[in-house]
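A closer look at the structure
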Amino acid sequence: FKYIASRPEFAALTIFIIIAITFYGINENFLNFRNLRVLLTISPEIALIAMGATILMVSGEFDLSVGSVFALVPMTMVQMVHQGIPPWFAIFLGLMIGMIIGYINGFITLKFGIPSFIATLGMLYIARSLTTVATAGFPPPFPHELPNELFVYQFELFRASLYWALLVALVLGIMLHRSNVGNWIYATGGDTNAASSMGIKTNNVKMFCFILCGFLAGFAGMIQTFRLEAPLPSQGYLLELESIAAAVIGGVSLFGGIGTIFGACIGAILIRFLESGIIMAGIDAEWFRAGLGSLIIISVVFNTFISRRATRIGQNKAKD
């Protein structure tokens, strides 16, 4: 019990089960295959951003610009295809833009020593403005030369986007939990000065996390654009808050050094389950934000309580 309860994603998994049972009791269709397939179609996008936000938060930093990058990258990709650039090269350049924005966020934060909250808040407005200016407020037509089937085609039971998200989760999970890079990220977020004393180049570690976060935000935006076949200047609005919410619900510490990829995925899916459950229960959809806010608070309080309880059990057994 001590080991399981001390896991940062324990609270999210427990609440996930409670919410699933509750909404199933209200509406039996909540857990039918059709609804689950719909939920798993729209969850990969927020899950990808939540994974990037989680890794960055574990390193001790934030990124509030991911929602704007989510819109800017696919919009840039579409516009480049319309200008005659080959589709695959446009995809590559679009993802590079996401990485460059991540690099700029990291550079401003680390070079000038200002909080990442402020640096990325400024980038949020800059990237969103660039997205709107590039289209004059009107979405361009979706170019069908783009290989959208590779990313959203229905493979057997689920869309390809789910398999992409699972692949990314597997790679990032191995990196964060089974490699030296992951150890450096945890050490940097846990205590930057101690990590520096151990010879870890903490600025390089944080820069890597900023770039990765920007890349995943852009990739997630592309997947949504491929799925909708429409690049929208407003897409990703408030997604930066939902991604942080998913990370926090999944057990990430706001102070750095704690968090898992599995927790980020559970938090992301939990948000979409909550949204769907409220609608299927016949509750006004406007209550979703209130439910999400309550979910964040309950998750943090519950996780803190269970962790402290597990610690006490360990201490009592040590005394015995």
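Since this is a predicted model, take the numbers as computed values, not measurements.

Tallying each qualifying case throughout the model produces 14 aromatic pairs. Residues Phe 33 and Phe 158 carry aromatic rings whose centres are separated by 6.2 Å and whose planes lie at 55° to one another, so their mutual orientation is tilted. In this pair, Phe 33 sits in helix α3 (residues 33–58) while Phe 158 sits in strand β2 (residues 158–159), placing the two residues 125 residues apart along the sequence. Of the residues examined, Phe 33 reaches a relative accessible area of 40% and is grouped as partly exposed. Relative to Phe 151, the ring of Trp 88 has its centre 6.5 Å away and its plane inclined at 50°; by these criteria the two rings are tilted.

Turning to unusual backbone geometry, a few remarks are in order. For Glu 229, which is not glycine, the phi dihedral falls at a positive 55°. Tracing the chain through its elements places Glu 229 in the loop between α11 (202–228) and α12 (239–249). The phi dihedral of Leu 238 is positive, around 65°, even though this residue is not glycine. Positionally, Leu 238 belongs in the loop between α11 and α12. Given the relative accessible area of 27%, Leu 238 is considered partly exposed.

Geometry of a packed helix pair, given as the angle between the helix axes and the separation of the axes. For the pair α3 and α11, the least separation of the axes is 8 Å and the interaxial angle reads 170°. Judged on the interaxial angle alone, α11 and α3 are roughly antiparallel. In this structure, α3 contributes Thr 41, Ile 42, Glu 45, Leu 48, Ile 49, Met 51, Gly 52, Ala 53, Ile 55 and Leu 56 to the contact, and α11 contributes Lys 206, Cys 209, Phe 210, Leu 212, Cys 213, Leu 216, Ala 217, Phe 219, Ala 220, Ile 223, Gln 224 and Arg 227. Considered class by class, the residues forming the contact of α3 with α11 number 16 nonpolar, 3 polar and 3 charged.

Here we take up the pattern of salt bridges. Applying the stated criterion across every chain, the model contains 5 salt bridges. Note that Arg 227 is salt-bridged to Glu 45, the shortest N-O span being 2.8 Å. Placement of the pair is Arg 227 in helix α11 and Glu 45 in helix α3, with a sequence separation of 182 residues. Since its relative accessible area comes to 23%, Arg 227 is described here as partly exposed. We note a salt bridge from Arg 289 to Glu 242, for which the minimum N-O separation is 3.0 Å. Of the two residues, Arg 289 is situated in helix α14 (residues 288–319) and Glu 242 in helix α12; the sequence distance between them amounts to 47 residues. With a relative accessible area of 7%, Glu 242 lands in the buried category. Here the residues in one salt-bridge network are Glu 242, Arg 272, Glu 275 and Arg 289, joined through shared partners.

Parameters at a glance
- Residues numbered from 1 in each chain as written.
- Predicted model: local features only at pLDDT ≥ 70, side-chain atom pairs only at ≥ 80, totals over all residues.
- Heavy atoms only, no water.
- Phe/Tyr/Trp six-rings, centres within 6.5 Å; stacked < 30°, edge-to-face > 60°.
- Helix = DSSP H or I, 4+ residues; strand = E, 2+ residues; numbered from the N terminus.
- Buried < 20%, exposed > 50% of the residue type's maximum accessible area, 1.4 Å probe, protein only.
- Axes fitted to C-alpha atoms, helices over the stretch in contact; angles between N-to-C directions.
- Parallel < 35°, antiparallel > 145°, perpendicular 65-115°, else oblique.
- Contact = heavy atoms within 4.5 Å.
- Nonpolar A, V, L, I, M, F, W, Y, C, P; charged D, E, K, R; others polar.
- Salt bridge = Lys/Arg side-chain N within 4 Å of Asp/Glu carboxyl O.

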